[in-house]
Amino acid sequence: MTDAALPIGVFDSGVGGLTVLNALREKLPGENLIYLGDTARVPYGTKSSLSVTRYAEQAAACLIDRKIKLLVIACNTASAVAVEPLQQKYPLIPVMGVVGPGADACCAVSKNRHIGVIATESTVNNQAYQQAILKRMPDASVAAQSCSLFVALAEEGWHEGELVEQIVAKCLAPLKQIESPAIDTLVLGCTHFPALKECIGKVMGADVVLVDSAQTTAEAVREELQRSGMLNQADAGDVEFLVTDDPQRFSRVAEHFFEGELTAGEIQQVDIQHFDKG
Ligand code: DGL
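Residues numbered from 1 in each chain as written. Predicted model: local features only at pLDDT ≥ 70, side-chain atom pairs only at ≥ 80, totals over all residues. Heavy atoms only, no water.

Caption draft 1: Representation of the overall build of the chain. Counting its secondary structure elements, the chain contains eleven helices and ten strands. Taken against the 2.2 N^0.38 rule, which gives 19 Å for 278 residues, the C-alpha radius of gyration of the chain at 18 Å falls within 12% of a compact globule. Sequence-distant contacts in the chain: of pairs separated by 6 or more residues, those separated by 24 or more amount to 79%. Approximately 12,400 Å² of the chain is accessible, and the part contributed by carbon and sulfur atoms is 49%. On the chain, the mean spot of the 22 positive side-chain charges and the mean spot of the 35 negative ones are 5 Å from each other. (Helix = DSSP H or I, 4+ residues; strand = E, 2+ residues; numbered from the N terminus. Rg over C-alpha atoms; globule rule 2.2 N^0.38 Å. Contact = heavy atoms within 4.5 Å. Areas by Shrake-Rupley, 256 points an atom, 1.4 Å probe, with all protein chains shown as cover. Lys, Arg positive; Asp, Glu negative; His and termini not counted. Charge placed at Lys NZ, Arg CZ, Asp CG, Glu CD.)

Caption draft 2: Up close: the site of the ligand. Around the ligand sit 13 residues in total, of which Ser13, Tyr44, Gly45, Thr77 and Thr191 are the nearest. Here an oxygen atom of the ligand sits 3.0 Å away from a polar atom, N or O, in the main chain of Asn76. A distance of 2.9 Å separates a nitrogen atom of the ligand from a polar atom in the side chain of Thr191. A total of 290 Å² of accessible area belongs to the ligand in isolation, and the protein chains cover 99% of it. (Near = heavy atom within 4 Å. Polar contact = N/O pair within 3.5 Å; in protein donor to acceptor, adjacent residues only side chain to side chain.)

Caption draft 3: Spotlight on helix 3 (residues 76–89). The end-to-end C-alpha distance of helix 3 is 19 Å, a good match for the 20 Å that 14 residues give at a rise of 1.5 Å each. Among all positions of helix 3, only Asn76, Thr77, Ala78, Ser79, Val81, Ala82, Val83 and Leu86 are buried. (Expected span 1.5 Å × (residues − 1). Buried < 20%, exposed > 50% of the residue type's maximum accessible area, 1.4 Å probe, protein only.)

Caption draft 4: Quick look at the packing of helix 2 (residues 49–65) against helix 3. Following both chains from N to C, one finds helix 2 and helix 3 inclined at 65°, their axes separated by 9 Å at the closest point. Crossing of helix 2 over helix 3 shows right-handed handedness. Judged by residue contacts, Ser49, Val52, Thr53, Ala56, Glu57 and Ala60 of helix 2 engage Thr77, Ala78, Val81, Ala82, Pro85 and Leu86 from helix 3. Each residue belonging to the contact of helix 2 with helix 3 can be placed in one class, and the counts come to eight nonpolar, three polar and one charged. (Axes fitted to C-alpha atoms, helices over the stretch in contact; angles between N-to-C directions. Left-handed = near helix turned anticlockwise from the far one by under 90°. Nonpolar A, V, L, I, M, F, W, Y, C, P; charged D, E, K, R; others polar.)

Caption draft 5: Here's a closer look at the environment of Pro138. Note on placement: Pro138 falls in the loop between helix 6 (128–136) and strand 6 (141–146). For the pair formed by Pro138 and Val221, sequence separation is 83 residues and the distance between their alpha carbons is 25 Å.

Caption draft 6: View of the packing of helix 8 (residues 162–176) against helix 9 (residues 197–204). Relative orientation of the contacting elements helix 8 and helix 9 amounts to 55°, with a least axis distance of 9 Å. Put simply, helix 8 runs oblique to helix 9. As helix 8 runs across helix 9, the sense of the crossing is right-handed. Here Val164, Glu165, Val168, Ala169, Leu172, Leu175 and Lys176 of helix 8 lie close against helix 9, whose contacting residues are Cys199, Ile200, Lys202, Val203 and Met204. Residue composition of the contact of helix 8 with helix 9, by class: nine nonpolar, no polar and three charged. (Parallel < 35°, antiparallel > 145°, perpendicular 65-115°, else oblique.)

Caption draft 7: Inspection of the sheet that holds strand 5 (residues 114–119) at higher detail. Reading across from one edge, 6-5-7-8 is the order of the four strands in this open sheet, with parallel pairing throughout. Taken across any chain shown, the strands that pair with only one partner, and hence form the sheet edges, are strand 6 and strand 8 (209–212). When the angles between neighbouring strand axes are averaged without regard to direction, this sheet yields 25°. (Pairing = 2+ DSSP bridges.)

See the structure below:
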């Protein structure tokens, strides 16, 4: 196998990273992909940085063991803490998270430099997006709101309807209340939130641009592969699915996220806990 034909490894805490996988498949149809969902330990969004970093190290080691050419940390919570440690640990392959590309995109679209971020509790507490945005645009004002409840709504397939709108409106109220000036850009800083994009857009109003970090990450991956001459020009790439818990549940919940057919028989259950820090 030539280096360009090697797969891209993508990992997430569970099913949500399938939104990043969708974007990668759309922008890079020739690429082979291996997706790893750490379903045995999801959610990451309420766990400590120490635990999430350890989980991310094990997931990365599992994918690197399978020979990949690039690693995408699709989980925002893991990206917030593990990009740098993994870049240091694996200097020979590009390690890309979703926070940097998301911050790049919102800085590019915000006109008034008042930016909102919604993410899991852990991503908000780690200040990951806040710092990434201020690094790129030091005079920006950033308001971040934890919306962990959206993760459950998205997984249950509750993406629209009156009740969902009420919940979304309640969670987003602190961001909507910001005035003079109001935020003009909102980053969807969690893998699950693109599933609620329509409802979030309706609640925030047409003046607020929603930035989907799944899309911007896929674009950043394409640019990186092009730059390094590692783009796979094949017609259609393969996708392999690995999970750390029951494939049945993954395939069922995946229906709400994955733009494609996926049966439990195509999903392999793996144990990644023996991939230690090394
Ligand atoms: N994948 C996580 C993220 O993007 C959301 C789900 C979880 O809490 O594990 O932050």
